[in-house]
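# Structure at a glance
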Amino acid sequence: MSTLSPVSPNPASGVGTLEAPDGGPELPARRDKPFSRANLVQTLAGGYIPLIVATLVVVLPLLWMLLSSFKQPGEIVTTDLKILPQGLNLENYHTAMTTVPFVRFFLNSLIVTVVGSTVKVILAILTAYALVFVRFPFKNVIFVVILVALMVPPQVSILPNYILIAGIGGKNTLWGIILPGLGTAFGTFLLRQHFKTLPGSILEAAEIDGAGHWRRLWQVVAPVSLPSIATVALVTVVSEWNDYIWPLIITDRPETMTLPVGLTLLQNSEGNGAGWGILMAGAVLVIIPILLVFAALQRYIVAGLTQGSVTG
């Protein structure tokens, strides 16, 4: 029976090892117990506490909005803080959906989001594919221009866009809301970086089989890039649905207002605080579709974040 030599430190890992005299493999020395004080402190300080703080920062405002949507005016505007509502009162939701043309606002937002997001994602896929797999002059220069557009704040283009859209008759129209934001530098950049990681062998095999660029894009590149495309789609849908500044500027009629703009009409002009619960109820109705979209695309996003992390 072989015996083990004393523990020798391993400089690379900082963990001692037991060396077998017969030339066998080194055995790791005993580590700290899982529930030792050192491990618990490291786990709490480096994992659970930052996670709990970040979760509270995100969740608490949403939770307060949800609870306030069930409160009466006297429960919101008061010096006596009340966290929980006295009862499950749905009157605020009924008022939010009947005081203003809520259904019209919802349909406007749905049209703007679906059309705008679809066109944006398609343009991002086509542009990213061309920047990676198509040979043409000044390709890198065009990519630099896209990066510059990504760094420019969108507020800078509000005035030129308003002059252009209003000049061609796009004020108080849905296409006037959609048109200025059809270009997406972020989606193009993200998909280009992903397309560059794809192995060239799959495209070479498709090219040998006689597939052109269009067929290679939609039958080879797009299917294997579905998680990244879903991520771009989710970001685009959220930005389109929640966009407030541009629809507020280009529309002033309820017939063409989107949900974020139209719900500002719910605020009570009397200023007695009665409108806050109604506003909270309207805000809850606005975020529900986005939560449903996120739930539908979650598995693709997780796959996109973990793509390439497992090898071998």
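Residues numbered from 1 in each chain as written. Predicted model: local features only at pLDDT ≥ 70, side-chain atom pairs only at ≥ 80, totals over all residues. Heavy atoms only, no water.

### Comments concerning the overall build of the chain
Along the chain, the regular secondary structure elements total 14 helices and three strands. The burial tally for the chain puts 33% of its 312 residues in the buried class. In the chain, once contacts between residues fewer than 6 apart in sequence are set aside, the share between residues at least 24 apart is 62%. Within the structure as shown, the chain displays about 19,500 Å² of accessible surface, and the carbon and sulfur contribution to it stands at 68%. (Helix = DSSP H or I, 4+ residues; strand = E, 2+ residues; numbered from the N terminus. Buried < 20%, exposed > 50% of the residue type's maximum accessible area, 1.4 Å probe, protein only. Contact = heavy atoms within 4.5 Å. Areas by Shrake-Rupley, 256 points an atom, 1.4 Å probe, with all protein chains shown as cover.)

### Here's the deal with the packing of helix α8 (residues 185–195) against helix α11 (residues 226–242)
Where α8 meets α11, the closest approach of the two axes is 10 Å, and the angle between their N-to-C directions is 170 degrees. With respect to α11, the axis of α8 lies roughly antiparallel. Contacts between α8 and α11 involve F186, G187, L190, L191 and H194 from the former and S228, I229, T231, V232 and V235 from the latter. In terms of residue class, the contact of α8 with α11 is built from six nonpolar, four polar and no charged. (Axes fitted to C-alpha atoms, helices over the stretch in contact; angles between N-to-C directions. Parallel < 35°, antiparallel > 145°, perpendicular 65-115°, else oblique. Nonpolar A, V, L, I, M, F, W, Y, C, P; charged D, E, K, R; others polar.)

### Quick notes on the packing of helix α5 (residues 139–151) against α8
Taken N-terminus to C-terminus, the directions of α5 and α8 make an angle of 130 degrees; their axes are 9 Å apart at the nearest point. Here α8 runs oblique to α5, going by the angle between their axes. α5 and α8 meet at a crossing whose hand is left-handed. Residues F143, I146, L147, A149 and L150 of α5 form the contact with α8, whose participating residues are A185, F186, T188, F189, R192 and Q193. (Left-handed = near helix turned anticlockwise from the far one by under 90°.)

### Section: the pattern of salt bridges
One pass over the structure, following the stated rule, counts three salt bridges. A salt bridge links K120 to E240, with the nearest nitrogen and oxygen atoms 2.9 Å apart. Taken together, the residues K120 in helix α4 (residues 102–133) and E240 in helix α11 connect sequence positions 120 residues apart. Accessibility classification places K120 together with E240 in one group, the buried group. (Salt bridge = Lys/Arg side-chain N within 4 Å of Asp/Glu carboxyl O.)

### As for the packing of aromatic side chains
Summed over the entire model, instances satisfying the criterion amount to six aromatic pairs. Each ring, one from F106 and one from W241, has its centre 5.8 Å from the other, and the planes form 75 degrees; the classification is edge-to-face. Taken together, the residues F106 in helix α4 and W241 in helix α11 connect sequence positions 135 residues apart. Judged by its relative accessible area of 28%, F106 is partly exposed. With a centroid separation of 5.7 Å and an interplanar angle of 65 degrees, the aromatic rings of W214 and W218 are classed as edge-to-face. (Phe/Tyr/Trp six-rings, centres within 6.5 Å; stacked < 30°, edge-to-face > 60°.)

### A few points about α11
Here α11 contains 17 residues, and its C-alpha end-to-end distance of 24 Å stays within 8% of the 24 Å for a straight helix at 1.5 Å per residue. Where α11 is concerned, the buried positions are P227, S228, I229, A230, V232, A233, L234, T236, V237, E240 and W241. (Expected span 1.5 Å × (residues − 1).)

### Points about unusual backbone geometry
In this model, F138 sits at a positive phi of 60 degrees, which is unusual for a non-glycine residue. Of note, the phi angle at N172 is positive, near 60 degrees, even though the residue is not glycine. Following the sequence through the fold, N172 ends up in the loop between α6 (158–167) and α7 (174–178).

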